[in-house]
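# Close look at the chain arrangement
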Amino acid sequence: MKKLLSVVSLALAVFLTIKPIETSRACGFDPEDFFFGYSFFDPAIANQPDYSALFLSFDRFYDYNWNTNEFRESHNTAEWQDFHQNKPTPEDVAFVVYKASVDDLIQTKQFVDGKTQSLPADLANNTLVDYWVKKSMTSPICYLVYAKQVEPHVNWDPYAWEDDSQTREETRMEELLGSGIEQYDAAKNQFIKMRFGYQVVRLAHYLGKYEDCVRFHDEMVEPLKDQVKSEIYYWSLGHKAGAMLELGKRTESAYLFSLVFDHSPTKRVPAWLSFHIEDDSEWEAVMNLCQNKEEKANLIFMRAIDFNSRVTDEMAALYAIDPGAEKLDVLLGREINKLEYDFFGWDFDFAFPLKQEYNGVSKVNAQNYLQNLEAFVVKVNSEKKNHNPQLWRLAEGYLAFMNNRFDRADQIFAIEGRNTKDARTQQYTQLFRWVISVSRLKSLDARAEDRIYSEWANLEFDPDAHELKEKSLRYMLNTLARLYDLQGEPGKAFLCKREGYDLLYQPTEKVVDHLLAWTQELETRTPNSLEKFLFSRLSEENPKTFLQIIKATFYLQWHQTAEAVALLKSIPAAEREKMAIYHIPGDPFKPQTKDCLECEENSASGKGPYNRLTFIEKLISLENEAIANPAKAAENYYQLGNAWYNITYFGHAWQGSMYFRSSMEWYGFGQTEDDPYYQDQSHLFVDMATPEEYYSKSIAAAESAGNRELAAKATFMAAKCEQNMFYLAGLNDEENLDQKPQYRKRFDQLIADYGDTGFYREVLEECSYLNYYVWLKGN
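Residues numbered from 1 in each chain as written. Predicted model: local features only at pLDDT ≥ 70, side-chain atom pairs only at ≥ 80, totals over all residues. Heavy atoms only, no water.

### Some remarks on the overall build of the protein chain
The helix and strand tally for the protein chain stands at 37 helices and 4 strands. Evaluated residue by residue, the protein chain yields a buried proportion of 54% over its 779 residues. Put simply, of all contacts in the protein chain between residues at least 6 apart along the chain, 67% involve residues at least 24 apart. (Helix = DSSP H or I, 4+ residues; strand = E, 2+ residues; numbered from the N terminus. Buried < 20%, exposed > 50% of the residue type's maximum accessible area, 1.4 Å probe, protein only. Contact = heavy atoms within 4.5 Å.)

See below:
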């Protein structure tokens, strides 16, 4: 059994016109809602803007222009303008039809009738009103007054509760219904007459008078179909279709909705959402109602755009009935876009030959479908009966490209580019040939870099509605990243995927080293066009200085302080000072009883008392002095412990060893271990061993000097190191506080050895954690 079209009828579509009383019939999974990916085969290439909402999309619809007032009103405005011999301006027509008040229109009619001496101020210089005055025409005014009176009663609010006011509204709607019939009968002009009929049909539908709705359409609107070429006929037909569905006439309703879908761009999407067929028997019944091959082709198209249809079968059936059907172009674009999603995914990181498996999902079926679609396109092109031969030849080339037959694809695009005078087609052939050129790349040298980037820079899209320039850039950069990695150029590969400041989240040593070497090399030669682009992604400031500071931070993390100082001093002081990452907001040497990440920051300037150079220089100075002068050893080691503690994840000067900190996780850098630019340095950012070692030295030196207050301070800070290791081990206070004594040695030492110190009494009041632990031990 063929997959039948079964589309959710959304409340939004109901609200728009077609089903004013019914709410949506179902809410559930729609595969198209979950389509996301990217495409070089831009749906706009089919040149079918009236169907743009139905292009394959990230959401239910590709283009929501169909649901804007501007779209709906522009069609109606054009009909009014044509009715008035195109004399009034579109702006003036739209203002009168959609903005003018009932009172202003009544006053205008009185003026045209010679009963008043002046026009309303808003309409005094309106070209439509001027036309009415010159022609002594009042029938359009009478209709617009009536339509504006009807409008509040048919703009249905699906969230309104039924109450007495609704009953009173229905009474008014009944009055308007009678008035509309009378004015319809009195109207002489067929254009105006049809519109009165439409308003009557509309009112009947909203009143729930479904049989009357059908009858009014058949008696009042249908006879005028051949006399008045207007979309209003299909607006009315949509109401009849909705009424018939309510009356249980599903087959007839579906057929009428298909006519609305086919002929009314403004009601196409609501008609599609309301079209509903249950099984093959209903499908055959609806097909039997079709009057010609075009109507049958339209039905097949409506079934084909269901996401789960076997679309090549539907395309073949549609082609057999009507080879020149324009709707085939829309389906062709949708199917190519589906294949792009299957093989290219959302990350632009594909390579040829295309993967047979993507994220663990087999693509064998997609590969078979690609072959079938290409075979169908080749057949259509060979028979030369289709509506848009140029589009289908481009599709043949693109499918050959996806099938890894680059020579054949490039040949087709070259021929089409030479033979066409259409600017858009030339743009796409240029794009497709460039994409093939990128896909052919096996290695990169300076010449290839310059050529491929220069060609991209010269690509033009008018309009670039679907971001083809950006999409093509991303594909190029992902392709180049793979090649750079293979060639041992990780820095360039990184800049193809990321920007320079992404280095700050989890700096990778090999990337930084390669980028440093590359920037130094560029000082001796002129970069090519691609290198200029990549270089611009590195830093908005001084790229070389930026990288040198990151490298110096590596040295600090590795405790290679002498190397860090030498590198920082090699940077001109003025250049260092310009870099935000050079500065440390807090004072790393200042201890805190409670960890407070922002307490020491200078929010105004982002600068603390130390920058990276002066901070590291002080580390070296304190270390040397502690060894050379035992009298200062206890205090110096205590400050060193503070510094190494405060530049970890837990300290208020964490910027001293890292550039990014997340409160969402311990290490907070967002990468996964399979990220090619991930370098696990978490052990450095949560290193408690180094500060604990310095606090231990401080305790020993303080005891030797008889400075029990300083020994107590150092013991407390060492206890904080143990406490952090307790948390890093995945333990928590409620379950494990008294069960892991190896993480409480320093707290026990503080209580036992320094419980009589002034510092202990102070910290006991400030530190609720210590207070709780003391209470727990006492119980």
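Once the structure has been displayed, the description carries forward.
### A word on the packing of helix H35 (residues 745–754) against helix H37 (residues 768–778)
Axis angle and axis distance: for two packed helices, these are the angle between their axes and the distance between the axes, and together they describe the pair. Relative to each other, H35 and H37 sit at 75°, their axes nearing to 11 Å. Classified by the interaxial angle, the pair formed by H35 and H37 is roughly perpendicular. Together, Phe747, Asp748, Leu750 and Ile751 of H35 and Tyr769, Leu770, Tyr773, Val774 and Lys777 of H37 make up the contact between the two elements. Residues belonging to the contact of H35 with H37 are distributed by class as follows: 7 nonpolar, no polar and 2 charged. (Axes fitted to C-alpha atoms, helices over the stretch in contact; angles between N-to-C directions. Parallel < 35°, antiparallel > 145°, perpendicular 65-115°, else oblique. Nonpolar A, V, L, I, M, F, W, Y, C, P; charged D, E, K, R; others polar.)

### Here's the deal with the nonpolar core
Ranked by internal contacts, the top residues of the largest apolar core, which has 232 residues, are Trp132, Tyr398, Phe401, Met402, Leu431 and Phe615. Apart from residues no more than four positions distant in its own chain, methionine 402 is found in contact with Leu339, Glu340, Phe343, Phe344, Phe352, Leu354 and Leu370. (Core = buried A, V, L, I, M, F, W, Y, C linked by side-chain atoms within 4.5 Å.)

### A closer look at a negative patch on the surface
On the surface, a cluster of negative charge is contributed by Glu709, Glu762, Glu765 and Glu766. Considering every element that reaches the negative patch, the biggest residue donor is helix H36 (residues 758–766), with 3 residues. Inspection of the secondary structure assignment puts glutamate 762 in helix H36. (Patch = residues over 30% accessible without salt bridge, like charges linked within 9 Å, V, L, I, M, F, W, Y side chains within 5 Å. Areas by Shrake-Rupley, 256 points an atom, 1.4 Å probe, with all protein chains shown as cover. Salt bridge = Lys/Arg side-chain N within 4 Å of Asp/Glu carboxyl O. Lys, Arg positive; Asp, Glu negative; His and termini not counted. Charge placed at Lys NZ, Arg CZ, Asp CG, Glu CD.)

### A few points about the side chain of serine 698
Note on placement: serine 698 falls in helix H32 (residues 689–705). Since its relative accessible area comes to 0%, serine 698 is described here as buried. Apart from residues lying up to four places away in sequence, serine 698 is in contact with Ala634, Tyr637, Tyr638, Leu710 and Ala714.

### Thoughts on unusual backbone geometry
Apart from glycine, the bulk of residues carry a negative phi angle, and the bulk of peptide bonds sit in the trans form. The omega torsion across phenylalanine 352 and proline 353 is -5°, close enough to zero to call that bond cis. Structurally, proline 353 is set in the loop between helix H16 (327–344) and strand E1 (357–358). At asparagine 86, a position not held by glycine, the phi torsion is positive, near 60°. Examined against the element boundaries, asparagine 86 turns out to sit in the loop between helix H2 (69–83) and helix H3 (90–98).

### What to know about empty space enclosed by the protein
What the rule picks out here adds up to 3 cavities of 30 Å³ or more. Space inside the second largest cavity adds up to approximately 40 Å³. Forming the boundary of the second largest cavity are Ala552, Thr553, Leu556, Leu568, Ile584, Arg612, Phe615, Ile616 and Gly656. Looking at the lining of the second largest cavity, the elements that each hand over two or more residues are helix H26 (543–557) and helix H29 (612–628). Partitioned by chemical class, the residues of the lining of the second largest cavity number 6 nonpolar, 2 polar and 1 charged. (1 Å grid on protein atoms, 1.4 Å probe; cavity = no way out; pocket = protein on both sides within 12 Å on 5 of 7 lines; lining within 4 Å. Points joined across faces, edges and corners; volume = space filled by probe spheres on them.)

### Some details on the pattern of salt bridges
Inspection of every chain in the model, using the stated rule, returns 36 salt bridges. For the salt bridge of arginine 250 with glutamate 282, the shortest nitrogen-to-oxygen distance reads 2.9 Å. Note that arginine 250 is positioned in helix H11 (residues 250–263) and glutamate 282 in helix H13 (residues 280–289), a separation of 32 residues in sequence. Owing to a relative accessible area of 15%, glutamate 282 belongs among the buried residues under this scheme.

### Thoughts on the packing of aromatic side chains
For the coordinates displayed, the defined rule picks out 40 aromatic pairs. Measuring from centroid to centroid gives 6.1 Å for tyrosine 638 and tyrosine 695, while their planes differ by 55°, and the two rings are tilted. Highlighted residues: tyrosine 638 in helix H30 (residues 633–646) and tyrosine 695 in helix H32, separated in sequence by 57 residues. Tyrosine 695 carries the same exposure label as tyrosine 638, and that label is buried. Counting every residue linked through ring pairs, the aromatic cluster contains Phe41, Phe352, Tyr398, Phe401, Phe406, Phe413, Tyr428 and Phe432. It is lysine 469 that lies over the ring of tryptophan 456; its NZ or CZ is 4.6 Å from the centre. Of note, lysine 618 hangs over the ring of phenylalanine 589, and the distance from its end group to the ring centre comes to 4.5 Å. (Phe/Tyr/Trp six-rings, centres within 6.5 Å; stacked < 30°, edge-to-face > 60°. Lys NZ or Arg CZ within 6 Å of the ring centre and 35° of its normal.)

### A word on the confidence of the model for the protein chain
Summarising the model, the protein chain shows a mean pLDDT of 86, and 86% of its residues fall at 70 or more. Within the protein chain, the lowest mean pLDDT, 29, falls on helix H1 (residues 11–16), and the highest, 98, falls on helix H9 (residues 210–221). Ignoring residues within four places in sequence, the model shows residues 157–165, a span with pLDDT below 50, making 2 contacts including any to other chains. (pLDDT = per-residue confidence, 0-100.)

### Section: the environment of alanine 457
Its place among the elements puts alanine 457 in helix H21 (residues 446–457). In sequence terms alanine 457 and serine 529 are 72 residues apart; their C-alpha atoms lie 9.5 Å from each other.

### A few points about helix H19 (residues 406–419)
Because an α-helix completes one turn every 3.6 residues, residues spaced three or four positions apart along the sequence face the same direction. Over its 14 residues, H19 extends 20 Å from the first C-alpha to the last, a length consistent with the 20 Å expected when each residue adds 1.5 Å. Of the positions making up H19, those classed as buried are Phe406, Ala409, Asp410, Ile412, Phe413, Ala414 and Glu416. For H19, the elements touching its buried residues are helix H18 (389–402) and helix H20 (423–440). (Expected span 1.5 Å × (residues − 1).)

### Things to note about the side chain of glutamate 531
Note that glutamate 531 resides in helix H25 (residues 529–536). One polar contact links glutamate 531 to lysine 492, side chain to side chain, over a distance of 3.2 Å. Reaching out from glutamate 531, the side chain makes a polar contact with the side chain of tryptophan 518 at a distance of 3.2 Å. Those residues in contact with glutamate 531, other than ones at most four positions away along the chain, are Glu449, Lys492, Trp518, Leu522 and Arg525. (Polar contact = N/O pair within 3.5 Å; in protein donor to acceptor, adjacent residues only side chain to side chain.)

### Focus on the environment of phenylalanine 301
Its place among the elements puts phenylalanine 301 in helix H14 (residues 293–304). Sequence spacing of phenylalanine 301 and aspartate 262 is 39 residues, and the spatial spacing of their C-alpha atoms is 9.8 Å.

### Focus on helix H33 (residues 708–728)
Across its 21 residues, H33 extends 30 Å between first and last C-alpha, which sits within 8% of the 30 Å expected from 1.5 Å per residue. Of all 21 residues that make up H33, 15 are buried, and the element is covered over most of its length.

### Some thoughts on the packing of H30 against H32
Where H30 meets H32, the axes come as close as 8 Å, and the angle between the chain directions of the two elements is 165°. Overall, the two elements H30 and H32 adopt an arrangement that is roughly antiparallel. The element H30 and its partner H32 pack so that their crossing is left-handed. Contacts between H30 and H32 pair Ala633, Ala634, Tyr637, Tyr638, Leu640, Gly641, Asn642, Trp644 and Tyr645 from the former with Thr690, Pro691, Tyr694, Tyr695, Lys697, Ser698, Ala701 and Ala702 from the latter. For the contact of H30 with H32, the residue count by class is 12 nonpolar, 4 polar and 1 charged. (Left-handed = near helix turned anticlockwise from the far one by under 90°.)

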